[in-house]
Amino acid sequence: MERNGEPMITVEFHFDFGSPNAYLSHLVLPEIEKRTGVKFTYVPILLGGVFKLTNNRSPAESLVGIKNKPEYERLEMTRFIRRHGITRFRPNPFFPVNTLMLMRGAIAAQSLGVFERYVDEMYRHMWAEPKKLDDPHVLRAALEESGLDSERFFALIQTPEVKDRLLENTRRSVERGTFGAPTFFVGEEIFFGKDRLRDVEELIRELQ
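Bear in mind the structure is a predicted one, so any value in this text is a computation, not a measurement. (Residues numbered from 1 in each chain as written. Predicted model: local features only at pLDDT ≥ 70, side-chain atom pairs only at ≥ 80, totals over all residues. Heavy atoms only, no water.)

### Here's the deal with the overall build of the protein
To keep it simple, the criterion reads: Comment: elements are numbered from the N terminus, with helices defined as DSSP H or I runs of at least four residues and strands as E runs of at least two. Radius of gyration here is computed from C-alpha atoms only, and the compact-globule reference equals 2.2 Å multiplied by the residue count raised to the power 0.38. We call two residues in contact when some of their heavy atoms are within 4.5 Å. A 1.4 Å probe and the Shrake-Rupley method give the accessible areas. Residues count as covered only by the protein chains that appear here.
The secondary structure content of the protein amounts to 10 helices and six strands. Radius of gyration (C-alpha) of the protein: 17 Å, near the 17 Å computed for a compact globule of 208 residues. Along the first, second and third principal axes, the C-alpha atoms of the protein reach 45 × 45 × 35 Å. Considering only contacts in the protein between residues 6 or more positions apart, those separated by 24 or more positions represent 72%. Summing over all exposed atoms, the protein offers an accessible surface of approximately 11,500 Å²; the carbon and sulfur share of this is 52%.

### Observations concerning the pairing of strand β6 (residues 189-192)
To keep it simple, the criterion reads: By definition, two strands form a pair when at least two bridges between them are found by DSSP.
Two strands pair when backbone bridges link them, and strand β5 (residues 183-186) and β6 are joined in this way by four bridges, in the antiparallel orientation. Looking across to β6, one finds that Val-186 is bridged to Glu-189.

### Here's the deal with the environment of Gly-187
Assignment of secondary structure puts Gly-187 in the loop between β5 and β6. Between the C-alpha atom of Gly-187 and that of Glu-33, which follows or precedes it by 154 residues, the distance is 16 Å. Not counting chain neighbours up to four residues away, the residues in contact with Gly-187 comprise Thr-10 and Arg-176.

### Describing the environment of Glu-33
The line we're drawing: Exposure categories follow from relative accessible area, calculated using a 1.4 Å probe and restricted to protein chains: below 20% of the type maximum is buried, above 50% is exposed, and the middle band is partly exposed.
With respect to the element layout, Glu-33 can be found in helix α1 (residues 20-36). Judged by its relative accessible area of 15%, Glu-33 falls in the buried class. In the structure, Glu-33 is positioned 168 residues away from Glu-201 in sequence and 9.0 Å away in space, judged by C-alpha atoms. Dropping the residues within four chain positions of it, Glu-33 is found in contact with Val-38, Lys-39 and Phe-40.

### Quick word on the packing of aromatic side chains
We count it as follows: Each aromatic pair joins two rings of Phe, Tyr and Trp (for Trp, the six-membered one) with centres within 6.5 Å, and gets the label stacked for planes under 30 degrees apart, edge-to-face for over 60, and tilted for any other angle. We call a charge positioned above a ring when the Lys NZ or Arg CZ atom is no farther than 6 Å from the ring centre and deviates by at most 35 degrees from the ring normal.
Within this structure, the stated rule accounts for 16 aromatic pairs. The interplanar angle of 75° and the centroid separation of 4.8 Å between the aromatic rings of Phe-17 and Tyr-123 together place this pair among those described as edge-to-face. Taken together, the positions of Phe-17 in the loop between β3 (11-15) and α1 and Tyr-123 in helix α6 (residues 115-128) put the pair 106 residues apart, joining distant regions of the chain. Each ring, one from Tyr-23 and one from Tyr-123, has its centre 5.4 Å from the other, and the planes form 50°; the classification is tilted. Within this pair, whereas Tyr-23 is found in helix α1, its partner Tyr-123 is found in helix α6, the two being separated by 100 residues in sequence. On the basis of relative accessible area, Tyr-23 is assigned to the buried category, the value being 4%. Looking at Tyr-123, the relative accessible area reads 0%, which means it is buried. Sitting over the ring of Phe-185, Arg-176 keeps its end group 3.9 Å from the ring centre.

### Topic: the nonpolar core
What counts is decided by this rule: Here, nonpolar core means buried Ala, Val, Leu, Ile, Met, Phe, Trp, Tyr and Cys residues that are tied together by side-chain atoms lying within 4.5 Å of each other.
With 54 residues, the main nonpolar core has Phe-13, Phe-15, Phe-17, Phe-40, Tyr-118, Tyr-123 and Ile-204 as its most contacted residues. It is α6 that provides the largest number of residues to this core, a total of eight residues. Filtering out sequence-adjacent residues up to four positions away, Phe-13 remains in contact with Ala-22, Ser-25, His-26, Leu-29, Phe-40, Thr-41, Tyr-42, Val-43, Tyr-123, Pro-182, Thr-183 and Phe-184.

### Here's the deal with the confidence of the model for the protein
Filter applied, for reference: Confidence scores per residue from the predictor, reported as pLDDT, run from 0 to 100.
Averaged over all residues, the pLDDT of the protein equals 93, while 96% of them reach at least 70. Here residues 1-6 is a poorly scored stretch, pLDDT under 50, and it has six contacts once near neighbours within four places are set aside; other chains count.

### As for the pattern of salt bridges
Two side chains bearing opposite charge may form a pair once their charged atoms approach each other closely. Short version of the rule: Between Lys or Arg on one side and Asp or Glu on the other, a salt bridge is scored when a side-chain nitrogen of the former is within 4 Å of a carboxyl oxygen of the latter.
Going through the model one piece at a time under the given rule, you end up with 19 salt bridges. Between Arg-124 and Glu-121 there is a salt bridge, and its shortest N-O distance comes to 2.6 Å. Note that Arg-124 and Glu-121 are positioned in helix α6 at a spacing of three residues, about one turn of the helix. Assigned by exposure class, Arg-124 and Glu-121 land together as buried. Here the salt bridges share partners, and the residues they tie into one network are Arg-88, Glu-121, Arg-124, Glu-129, Lys-131 and Glu-145.

### Here's the deal with the sheet that holds β5
Paired through backbone hydrogen bonds, the strands of a sheet run either parallel or antiparallel to each other. Let me state the cut-off plainly: Every axis corresponds to a line fitted to the C-alpha atoms, with the helix fit spanning only the stretch in contact, and the corresponding angles, defined between N-to-C directions, vary from 0 to 180 degrees.
Strand order in the open sheet formed by four strands is β4-β3-β5-β6, and the pairing between neighbours is mixed. Looking at strand neighbours, the two that pair on one side only are β4 (40-44) and β6, the edges of this open sheet. Mean inter-strand twist for the sheet, computed between neighbouring axes without regard to direction, equals 25°. Here five bridges tie β3 to β4, and the two strands are oriented parallel to one another. Note that in β4 the partner of Phe-13 across the bridge is Tyr-42. With respect to the sheet, helix α5 (residues 100-112) is in contact with β3 and β4, its orientation differing from that of β4 by roughly 130°. Those strands touched by α6 are β3 and β4, and its axis lies near 45° from that of β3.

Shown next, in the form of structure tokens:
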């Protein structure tokens with residue numbers, strides 16, 4: 001796409017609700033959008049699928065038994081939260097949560113035209129008011145509380161079309177270099193982790 005004869009910058013956020021760092025990034029992205037005038041495209045991926053395709057593991061597994069690194073990771077998270085004045089974050093006591101239904105739900109939400117609201121609400125239920133969202137009964141209640149049609153969502157997430165689209169999103173993301181979440185693409189330039197958001201914004205400005 002072009003704007004005034006100039007190619008438009010494509011900026012993507014590849015996310016899974018199971019990543020607390022993706023949630024924290026989600027809270028900060030509006031600040032970057034406001035400063036740059038560039039809108040992030042949200043791309044739902046399945047983090048479990050990414051780990052399988054890349055032979056990677058979640059920090060919850062990979063940091064077990066390592067001295068000092070988990071403490072440092074918590075310190076960096078605290079710094080990020082303080083820097084951006086984030087108040088709506090709580091560790092989810094049910095972590096890790098299997099996000100397969102949630103991420104299929106994100107694909108379904110795109111077809112239903114309620115994607116942005118779904119993302120905001122599911123992030124709220126996961127990290128601001130934490131719930132065990134891999135329990136179908138809990139997820140149904142969360143959807144209804146958020147004014148979303150749980151029956152339609154649960155019907156759609158069982159369809160081959162929704163399942164296949166999530167798999168394809170995940171596969172394509174890995175092919176482009178993704179190995180975890182949050183991952184950002186500015187054009188084809190890849191950035192991993194919430195602590196790279198300054199670099200993401202810097203490149204956006206360079207390309208404007």
